[in-house]
Amino acid sequence: MGTKSGVDGSHVGRGVAILSLQSAVKSLFPGDAITLGMAFVCTLLAYAAYFAMVRLGEGRWPSELAIAPLLREYLTGFLAGCGIITIVVGSLWLAGQYDVSRGDWSDWPHDLRETIGTGLLEELLARLILFRLLARAFGLPAGFLVSAAAFGAAHLANQNASPLAAIAIAIEAGLLFASFYFLTGRVWMSAGIHAGWNLALGGIFGARVSGMMGEGSFLVSLPSRDSWGLITGGAFGPEASIPAIIVGLAAFIVTMSIAPKAMTDTPQQQLQVNSPP
């Protein structure tokens, strides 16, 4: 079953409007506290707008936002994200490609709030809207591939980005995060892995997150002097590394292999997947 006329464009339009509001406030009031607070306000507005559009435009209650499993699924995803990054950075360190030293993580509450907000907002846009609607219109393979490609391409604007880095993000994060949403039929696990992934990478290990370096972290992880950029991800960080691609792709395959056994009819109700034309 396809979507009702105008619903898809309305979802995207409201998301863009809310993000524009956040950018406008940031330019007028550049303080970190105001920016972070506005980020959470915009996230709440975005989810409220999504809820209203699904309820009114699609004529159903959005089970993908069900509250009962929120904490369990979010924490499961969060721990999975931390675990995957630990394996990636740990393998780079064991291979002698990364040096890890002690840092100073004095701003951990800020990092935690920022990663939670970023994960919720980006998963709303990338998975609840883009992946779900693409899968409904063109089938699951197209939903996975196109949304993952778009997610990777969105990182090309980041510092030290490259086509290889975008491909890596598309494989290890674009596909994997979508599979977590597909597994449960809800956004919480994908939002959790997104937040745990970013917090572990930037806040705990102190490595570059999508090309950007933070200011405070529990550890500081940098490529060793004799490291090979193709393996370490170079200036973009571990997300563009070979271990990240391998671990992310393996996690995606495992998640998709257990999805048919674990899921109920909930994902089909939301996705209303059509066979590819």
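Definitions and limits used
Residues numbered from 1 in each chain as written. Predicted model: local features only at pLDDT ≥ 70, side-chain atom pairs only at ≥ 80, totals over all residues. Heavy atoms only, no water. Helix = DSSP H or I, 4+ residues; strand = E, 2+ residues; numbered from the N terminus. Expected span 1.5 Å × (residues − 1). Buried < 20%, exposed > 50% of the residue type's maximum accessible area, 1.4 Å probe, protein only. Arc of directions from axis to C-beta. Axes fitted to C-alpha atoms, helices over the stretch in contact; angles between N-to-C directions. Contact = heavy atoms within 4.5 Å. Nonpolar A, V, L, I, M, F, W, Y, C, P; charged D, E, K, R; others polar. Salt bridge = Lys/Arg side-chain N within 4 Å of Asp/Glu carboxyl O. Left-handed = near helix turned anticlockwise from the far one by under 90°. Polar contact = N/O pair within 3.5 Å; in protein donor to acceptor, adjacent residues only side chain to side chain. Phe/Tyr/Trp six-rings, centres within 6.5 Å; stacked < 30°, edge-to-face > 60°. Lys NZ or Arg CZ within 6 Å of the ring centre and 35° of its normal.

**Student:** Describe helix α5 (residues 140-154), and please don't skip the residues or the numbers.
**Tutor:** The terminal C-alpha atoms of α5 lie 21 Å apart, and with 15 residues this matches the ideal 21 Å at 1.5 Å per residue to within 8%. Of all the positions in α5, only Gly143, Phe144, Ser147, Ala148, Phe151 and Gly152 are classed as buried. The arc that holds the buried residues of α5, viewed along the axis, is 140°, so those residues lie on one side. α5 presents Pro141 and Leu145 as exposed residues on the side facing more than 90 degrees away from its buried surface.

**Student:** Describe the packing of helix α6 (residues 163-184) against helix α7 (residues 188-204), with residues and values.
**Tutor:** One way to put it is that α6 packs onto α7 with a least axis distance of 7 Å and a crossing angle of 145°. Taking contact as the criterion, the partners of Glu172, Leu176, Phe177, Phe180, Tyr181, Leu183 and Thr184 in α6 are, on α7, Met189, Ser190, Ile193, His194 and Trp197. When grouped by side-chain class, the residues that make up the contact of α6 with α7 number 8 nonpolar, 3 polar and 1 charged.

**Student:** Residues and numbers for unusual backbone geometry, please.
**Tutor:** For Asn160, which is not glycine, the phi dihedral falls at a positive 60°. Within the fold, Asn160 resides in the loop between α5 and α6. Under the relative-accessibility criterion, Asn160 is labelled partly exposed at 41%. One non-glycine residue with positive phi stands out, namely Ser210, at about 50°. Relative to the elements of secondary structure, Ser210 occurs in the loop between α7 and β2 (219-223).

**Student:** Any details on the pattern of salt bridges? Residues and values, ideally.
**Tutor:** Counted by the stated rule, this structure contains 8 salt bridges. We note a salt bridge from Arg127 to Glu123, for which the minimum N-O separation is 2.6 Å. Of this pair, Arg127 and Glu123 are both found in helix α4 (residues 108-138), 4 residues apart, which corresponds to roughly one turn of the helix. The same class applies to Arg127 and to Glu123, which are both buried. Taken together, the shared-partner salt bridges connect Glu58, Arg60, Glu64, Arg132 and Arg136 into one network.

**Student:** Describe in detail the packing of helix α3 (residues 70-94) against α7, supporting the description with residues and values.
**Tutor:** It is at 6 Å that the axes of α3 and α7 come closest, and there the two elements cross at 35°. When the axes of α3 and α7 are compared, the crossing they make is right-handed. Between α3 and α7, the residues in contact are Leu70, Glu73, Tyr74, Thr76, Gly77, Phe78, Ala80, Gly81, Cys82, Ile84, Ile85 and Val89 and Trp188, Met189, Ala191, Gly192, Ile193, Ala195, Gly196, Trp197, Leu199, Ala200 and Leu201, respectively. Grouping the amino acids of the contact of α3 with α7 by side-chain chemistry returns 17 nonpolar, 5 polar and 1 charged.

**Student:** Can you break down the side chain of Ser179 residue by residue, with the values?
**Tutor:** Structurally, Ser179 can be placed in helix α6. You can call Ser179 buried: its relative accessible area is 0%. For Ser179, the side chain forms a polar contact with the main-chain oxygen of Leu176, separated by 2.6 Å. Apart from residues lying up to four places away in sequence, Ser179 is in contact with Phe144, Phe252, Thr255 and Met256.

**Student:** Run through the packing of aromatic side chains, naming residues and quoting values.
**Tutor:** Applying the stated criterion across every chain yields a total of 9 aromatic pairs. Here Tyr47 and Trp188 contribute two aromatic rings whose centre-to-centre distance is 6.2 Å and whose plane-to-plane angle is 15°, an arrangement assigned as stacked. Remark: Trp188 occurs in helix α7 and Tyr47 occurs in helix α2 (residues 32-57); sequence separation between them is 141 residues. Using a relative accessible area of 7% as the deciding quantity, one classes Trp188 as buried. When the centroid spacing of 5.8 Å and the interplanar angle of 70° are considered together, the rings of Phe144 and Phe252 count as edge-to-face. Of the two residues, Phe144 sits in helix α5 while Phe252 sits in helix α9 (residues 242-262), which places them 108 residues apart along the sequence. Judged by its relative accessible area of 14%, Phe252 falls in the buried class. Three or more aromatic residues link up through ring pairs in this structure, and these residues are Phe131, Phe144, Tyr181, Phe182 and Phe252. The ring of Trp61 is capped by Arg55, whose NZ or CZ atom sits 4.1 Å from the centre of that ring.

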